[in-house]
Amino acid sequence: MRIAEISSPEVRQTQPPDTITDLLSKLESLTAETERHSPESPLPDSITTNLRHLLSQLTPLTPFQNFVKLQIWKLSYRLWNACIDLSNFVRTSSCKVPEEHAKLRQLAADILFIAVDVTGVPSPYFKCASFFYKTGTIWHELCMYDLASNCFEKATDLTSKVDIMNVSDREERRLLLDLHIARSKTAWEVSDRNLAINLLNRSKRVLFGVADSYMALANQYMCFGKLVLSKSEVCSANDAVKLMSEALELCEKGLRSVKKVDETLGLKELRLKTLRFMAASHLQRDEFDSVLKCVRVLRDGEKGEDHPSSSVLAMKAWLGLGRHGEAEKELKSMVVNKGIPEGVWVSAMESYLQAVGCSGVETAMGVFLGLLGRCHISAAAAFRVVQRVVADCLNGEGARAWAKVVAEFVSNDKVAALFSGEVAAKERSGMHALLWNCAADHFRSKDYEVSAELFEKSLLYVPHDIENRSLRAKGFRVLCLCHLALTHLDRAQEYIDEAAKLEPNIACVFLKFKICLQNNDHNGAITQVQAMPACIDFTPDFLSLSAHEAIACRAFSVAVDSLSRLLTFFSMGKPMPTTEVIVFRTLITILIQQPQNEKEVLKYMKQAHSRFSDLGPERFFGSGEVGRREQNWFALNLWNIGLKSGQEKNYDLCGELFRTCAEYYGVSIDGQMEGNNLMVCKSLILAVSAMLAGEKLSTNPLSDNEVKQAIDLLERAEKILMSGSMKTSIDDDQTTTIEPHFYFIYTLSAYDLYTRTNDTESKQLLLIKNYANSKHCNTNHLLQIGRNASEGPRPNTEVATFCFNTCISLLLSSASPDYQTVAFILRKLITINGAHKCNAAADDDDGVYGMYKKAYRIMVGLKAGEYPVEEGKWLAITAWNRAALPVRLGQTVEAKKWMDMGLELAGRVPGMDTYKSCMEDFVSGVEKKVQSQGHLIVGS
């Protein structure tokens, strides 16, 4: 309003009546419009805006004449009643009173306020104050506490104009109390707690000895106390006790002031209620003795108060004092009280279990079963009790014993019946999950007996319908696992059979497989392995797992079957649990550990060779160092098994093993063979050697095709031997050299095979000469070749003679010749020459005589016995005996030559003196006989 428009009271009194009449007419028009407005549609903003504008125009015109005031009162009441109609409609539709309605009420109260000092209306100030009180109450409901506070303060100002002692009307007296309480509640909402308590204390002056007033004020004290108590703080609990004490004191005063019995009933009930909340406040402050005092007062009343909370409060107080026996009595007494709500005694049981622990489980279960026979109990209550037991007892010391108590409890027919039907579906599912998780905890801690019992009880809470078939099957499978762990194999079989009926899948087959393993039924286990791929949810992982289980049980035949079936899936391109090379390695390792499995090992070695030939070495073995280690593992095992088979004279298998071994050693990983040429060569040589040894053992000659294969193998070995990629010196590093005896075996085998081809003698002689000229030629090896050449089924005298002569040369050229071997070779040469050459050679240094003469020359200068005596005797005697035929034929010169040789050799051999004397006498006799016959004997 502009300053120019503000007028003094004198000026306002001179305002023309037409202006007021016009404003009142407009007010009436707006009031009528509000009355006509349909409550179903929102209140238009124009009404409140116009009313506010009219109010602003009327306010400066005060004071009004009394008739104007009366008219304003009528219009204000009409407007108020319209607001009531609108609010009643809103409240019947269960909606919150809209803010526009509150604004309309506020305008009705403000309009009445400008004419409050009317004459002719009883108690106008109290009536106007009631308008502001009710409007403030609506603002409070809308949580607009500032507007509510303003309304309550205006109402308080209006009532303060009247002396309290002059207020006699019951409603007006109650309005005074309600105003104080309303202001207190609003102050509390804006966290002005001190003002709120102060306003309640002021309210004590306007009680007027009325029972309802005492109850209203006591109730408000108690409400504030309950709000403070709900904060669960120690300081809050102290304040709560103070507030409850005020409420109790008001109840006591009210009972002393009120005389009518019917009016005291409410106060008595409120007093008991206050005592219970006081006990709760003391309990929150851990003042357990005070709690028991409150309970004692409650029980010592006129009717012996038996409110459900009394037993709970007493029980918790006894628990706080550590007197569990008294707490147990209170808990058991609840069974007798049928009026105790379900939530109360469930909460009591939870508190009891939390305080007493596992030792209270049996008591709690007994109380529950007692209540079950007397009260209506829901599935939710049973679930809460079991949940508390599980949470507090089944994870600590003595859990095993309490788990059995729980199992017995949940298997009770009455308890299980609580969870039947669709109404308890949620609780039934929760109970199953609770028991299942508890059983799983015991299973993980390897307490399989308790675990099995709890799993079995959990099945009581799974309906027997199609939707839960899978869940029941899962329960049967896990029970099978528990009894497997307990080695109750018959029961495990029963459970898995039931699971298979409900839900046949790979898990059932696998568990049957485990049962067969533990029963040592290897054939049955293999049958289950065979059935696995037919399952709809089969994955190769189960074959891998089966193999591991079988190995752990040392059922190697089952493991081999599982792994061999697993190998068939690698070629399908499916995701696999491990690499193919690991499966082969595991399979072969198992076979190696068992005797007489060499053929199986060879079979899978060849299968692995076929796979890496198809895939490539890097994809099969792996690349880099890992791949080389895998490759060498296979090759080395073939080598070892080949050696073992050779020692056992299983030469056919030995040859196959070494031939496959050469293929493995010949694999190139990342373009490198890492010196494996050496092992390839050795393997090829031993493979051919085994073939030849097998031929001799079986007496069945090699076929032409086999001979060709053997020659091809030796040719491969020869290329490696003759290449510069490796050394053959004995003193060289063993990782890059080949031992001399392998060269010997190669030479010996090649010699044998060359006897079966065309142009045999030339190839054999060239082969032996190459060996004799090599650095790794050994006299013993050369001697062996000579013996084979002279004694074999296909002898070669030329090769044998070359070998023996070379041996003698090598032996005599050594620092300490082995005359035993020299003597043996000489005997062999004499034997060979005696069989294949004419004794009467043109040159005495050739042929048999030459061998004897060479032996004599070797013996000359040797110490007695240095040359083998027996060999010396053999030389002397055989040389002497060779003269027998010429003597009979009259060839005196030839006879004399051999007799002289025999005498000379006998003279070099110790112990032949007697032989020599006889020989000399015989020679003398022959000479005389020849002389007598006139023959000329020519000296030798």
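Scroll up to find the structure this text is about.
Cut-off values and rules
Residues numbered from 1 in each chain as written. Predicted model: local features only at pLDDT ≥ 70, side-chain atom pairs only at ≥ 80, totals over all residues. Heavy atoms only, no water. Salt bridge = Lys/Arg side-chain N within 4 Å of Asp/Glu carboxyl O. Helix = DSSP H or I, 4+ residues; strand = E, 2+ residues; numbered from the N terminus. Expected span 1.5 Å × (residues − 1). Buried < 20%, exposed > 50% of the residue type's maximum accessible area, 1.4 Å probe, protein only. Contact = heavy atoms within 4.5 Å. 1 Å grid on protein atoms, 1.4 Å probe; cavity = no way out; pocket = protein on both sides within 12 Å on 5 of 7 lines; lining within 4 Å. Points joined across faces, edges and corners; volume = space filled by probe spheres on them. Nonpolar A, V, L, I, M, F, W, Y, C, P; charged D, E, K, R; others polar. Core = buried A, V, L, I, M, F, W, Y, C linked by side-chain atoms within 4.5 Å. Phe/Tyr/Trp six-rings, centres within 6.5 Å; stacked < 30°, edge-to-face > 60°.

**Structural notes on the pattern of salt bridges**
Where side chains of opposite charge bring their charged atoms close, a pairing between them can arise. Scanning all chains against the criterion turns up 27 salt bridges. Residue Lys26 pairs with Asp22 through a salt bridge whose shortest N-O separation is 3.8 Å. With Lys26 and Asp22 both in helix H2 (residues 17-36) and four residues apart, the pair spans about one turn of that helix. For Arg756, the salt bridge is made with Glu695, and the minimal N-O distance between the two is 2.5 Å.

**Let's talk about helix H29 (residues 580-593)**
Taking 1.5 Å per residue, 14 residues should reach 20 Å; H29 reaches 20 Å between its end C-alpha atoms and fits that length. All buried positions along H29 are accounted for by Glu580, Val581, Val583, Phe584, Leu587, Ile588, Ile590 and Leu591. Where the residues of H29 are buried, they touch helix H27 (541-552), helix H28 (556-567), helix H30 (598-615), helix H31 (617-621) and helix H32 (624-647).

**Focus on empty space enclosed by the protein**
Space left empty within the atom packing is revealed by a probe, the size of a water molecule, rolled over the atoms. For the coordinates displayed, the defined rule picks out two cavities of 30 Å³ or more. For the largest cavity, the calculated volume is near 50 Å³. Mapped by element, the contributors of at least two residues to the lining of the largest cavity are helix H35 (704-722) and helix H36 (740-754). For the lining of the largest cavity, a count of residues per class yields six nonpolar, no polar and two charged. For the second largest cavity, the calculated volume is near 30 Å³. In this structure, the second largest cavity is lined by Thr779, Asn780, Leu783, Cys807, Leu811, Thr821 and Ile825. Going through the elements one at a time, helix H38 (779-791), helix H39 (797-812) and helix H40 (819-836) are the ones with two or more residues in the lining of the second largest cavity. When residues of the lining of the second largest cavity are assigned to their parent elements, the largest contribution, three residues, is made by H38. Broken down by class, the residue content of the lining of the second largest cavity amounts to four nonpolar, three polar and no charged.

**Overview of the nonpolar core**
Ranked by internal contacts, the top residues of the largest apolar core, which has 138 residues, are Phe513, Phe621, Phe634, Tyr664, Ile685, Tyr852 and Leu905. Among the elements that make up this core, the one with the highest residue count is helix H34 (residues 677-698) (12 residues). In this structure Ile685 touches Ala717, Leu721, Ile738, Phe742, Ile745 and Tyr746, once residues within four positions along its chain are discounted. Of all hydrophobic cores here, the second largest spans 98 residues; its members include Leu75, Val118, Phe126 and Cys128.

**So, the packing of aromatic side chains**
Where two aromatic rings form a pair, the distance of their centres and the angle of their planes describe that pair. Counted according to the given criterion, the structure contains 29 aromatic pairs. Ring geometry for Phe612 versus Phe621: centroids 5.0 Å apart, planes at 45 degrees, classification tilted. On the accessibility criterion, Phe612 (4% relative accessible area) is buried. Taking the centre distance of 5.1 Å and the plane angle of 80 degrees together, the rings of Trp633 and Phe634 count as edge-to-face. On the accessibility criterion, Trp633 (24% relative accessible area) is partly exposed.

**Regarding the layout of surface pockets**
In this structure, the largest pocket spans a volume of roughly 460 Å³. Contributions of two or more residues to the lining of the largest pocket are made by H34, H36 and H38. Broken down by element, the lining of the largest pocket gets its largest block of residues, six residues, from H36. Looking at the lining of the largest pocket residue by residue, the classes come out as eight nonpolar, five polar and seven charged.

**As for the environment of Glu630**
Among the structural elements, Glu630 can be located in helix H32. Distance from Glu630 to Ile582, taken between C-alpha atoms, is 8.7 Å for residues 48 residues apart in sequence. The residues touching Glu630, leaving out its near neighbours within four places in the chain, are Val581, Arg585 and Phe621.

**Considerations on unusual backbone geometry**
Across residues other than glycine, the phi torsion is negative in most instances, and most of the peptide bonds are trans. Unusually for a residue other than glycine, Ser123 sits at a positive phi of about 45 degrees. Secondary-structure assignment places Ser123 in the loop between helix H5 (99-113) and helix H6 (124-141). Using a relative accessible area of 30% as the deciding quantity, one classes Ser123 as partly exposed. Although it is not a glycine, Thr487 sits at a positive phi angle of roughly 60 degrees. Among the residues examined, Thr487 registers a relative accessible area of 55% and is labelled exposed.

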